[in-house]
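What follows is each chain in one-letter form.
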Amino acid sequence: MRPLRLSSAVFAVSAVVLPALLVQSVEAAPRHERQRHVHKSVKKKPVAHRHHAPPRHVYRPAPRYVAAPAPMPAPVAEPAAPSFFSPYGWLITVNAKTFVSPRFTGSDDYSFIAFPTVSFRRPGETPEWSSPDDNISFAAFSSSGFSAGPVVAYRGGRYDRGNRELWGVHNVRWTLEPGVFGQLWLIPDTLRARLEIRRGFRGEDGFVALLGADWVTRWQDFTFAIGPRFNFADARSMRSRFGVTTADFLANPVYAPHSPGAGLVSAGLYTSLTYRYSPEWAFTLHGGYDRLTGGAASSPIVRQTGSRNQFTVGVAASYTFQLSR
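Residues numbered from 1 in each chain as written. Predicted model: local features only at pLDDT ≥ 70, side-chain atom pairs only at ≥ 80, totals over all residues. Heavy atoms only, no water.

All right, on to the pattern of salt bridges then. One pass over the structure, following the stated rule, counts 12 salt bridges. In this structure, R229 and D214 form a salt bridge, with 2.9 Å as the shortest nitrogen-oxygen distance. Here R229 is found in strand β9 (residues 222-233), whereas its partner D214 is found in strand β8 (residues 207-219), with 15 residues between them in sequence. Given the relative accessible area of 5%, R229 is considered buried. D214 sits in the buried class, given a relative accessible area of 3%. Sharing partners across several salt bridges, the network here consists of D133, D134, R155, E177, R192, R194, E196, R198, D205, D214 and R229. (Salt bridge = Lys/Arg side-chain N within 4 Å of Asp/Glu carboxyl O. Helix = DSSP H or I, 4+ residues; strand = E, 2+ residues; numbered from the N terminus. Buried < 20%, exposed > 50% of the residue type's maximum accessible area, 1.4 Å probe, protein only.)

Here it is, written out as structure tokens:
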């Protein structure tokens, strides 16, 4: 009975220890060997576990193009001030001037006269103000508010066939008076002084001079100006226009002989109002008054058939256009 008990005990111990050792050796072996061992021993078809399967590759076609990121918008510059005219070429201003004035200096009859003038300037240059009674001139020299150059004026004549009361008195023929001018802006764009010295092209014509000043003020599209005027003449011009010769007296005894000398012809005032309608068009209303003095006022022609008071009224229109190069 003793040997049986030992065998039973050994068997019992082996039944407990051997499985434990087998489990421990299996757990200590690498996982892939355990899997292979299990697979071989079980002899079943291997099952792919979801968590051990390699990641499935999903095919996605690449886009044909990749849009570039939109650039940041550039800062918008302030637009330049609009200009009506191009910065190239010349700006030409044509003025049409009209006057209602005495038929001749010293007359109390009035007549209508019209004539054009032309001026030039570069685009961008500020147009210099001028008075409607300025004669046609060209600034050959200009610096620091002073300008000078040639000038020409038209002076109407006096004819006895248009003035019956002057029958027998010598005629004064119309003439052109070329000369020079100079002007100075004592206060820029506000106070101007101007002098013209001219001489008619006919033999009986003499030297004349015009001295004036203008106070100029601007308000929006309007420009107002006013200033004095002084007219001078030499002895030749005075005798031609206001004198009465002995032959004149013999032909018409109403007028006593008169031989004035050089001096001041008249003193007066001139004013104008200009409206700038557009960059192209401008319109001006102007007028003046002159009072004859000295030898001109004492002439029998003025005292008996004329007037010492001389008025002028007129309108002017100017049009500016560009001549591009």
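Okay, the pairing of β9 next. Two faces, one strand: in a regular strand the side chains alternate between the faces of the sheet. Strand direction decides the pairing type here: β8 and β9, joined by 10 bridges, are antiparallel. By the bridge assignment for β9, W215 is matched with I226. One ladder, built from 12 bridges, connects β9 with strand β10 (residues 263-276); its direction is antiparallel. Each bridged residue has a counterpart across the sheet, and for F222 the counterpart in β10 is Y275. (Pairing = 2+ DSSP bridges.)

The next thing to look at is helix α3 (residues 235-242). Here α3 has its buried residues at S237, M238, S240, R241 and F242. Taken down its axis, α3 places every buried residue within 165° of arc, on the same side. Residues of α3 that are buried make contact with β5 (146-155), β8, β9, β10, α5 (294-297) and α6 (300-305). (Arc of directions from axis to C-beta. Contact = heavy atoms within 4.5 Å.)

What follows deals with the nonpolar core. Membership of the largest hydrophobic core is limited to 9 residues, which are V208, A233, M238, F242, V265, L292, A296, A297 and V302. Looking at this core, the elements that each hand over two or more residues are α3 and α5. Ignoring any residue separated from it by four or fewer positions in sequence, one finds A296 in contact with M238, F242, V265 and V302. Core analysis: the next-biggest nonpolar cluster, separate from the first, contains 6 residues, F104, V169, V244 and Y255 among them. (Core = buried A, V, L, I, M, F, W, Y, C linked by side-chain atoms within 4.5 Å.)

Further remarks concern the environment of E204. Tracing the backbone through its elements, the reader meets E204 in the loop between β7 (191-199) and β8. Once the C-alpha coordinates of E204 and R239 are considered, the two residues, 35 residues apart in sequence, prove to be 9.1 Å apart. When neighbours within four sequence positions are excluded, E204 is seen to be in contact with R173, R236 and S240. A polar contact of 3.1 Å, which involves the side chain of E204, links it to the side chain of R173. (Polar contact = N/O pair within 3.5 Å; in protein donor to acceptor, adjacent residues only side chain to side chain.)

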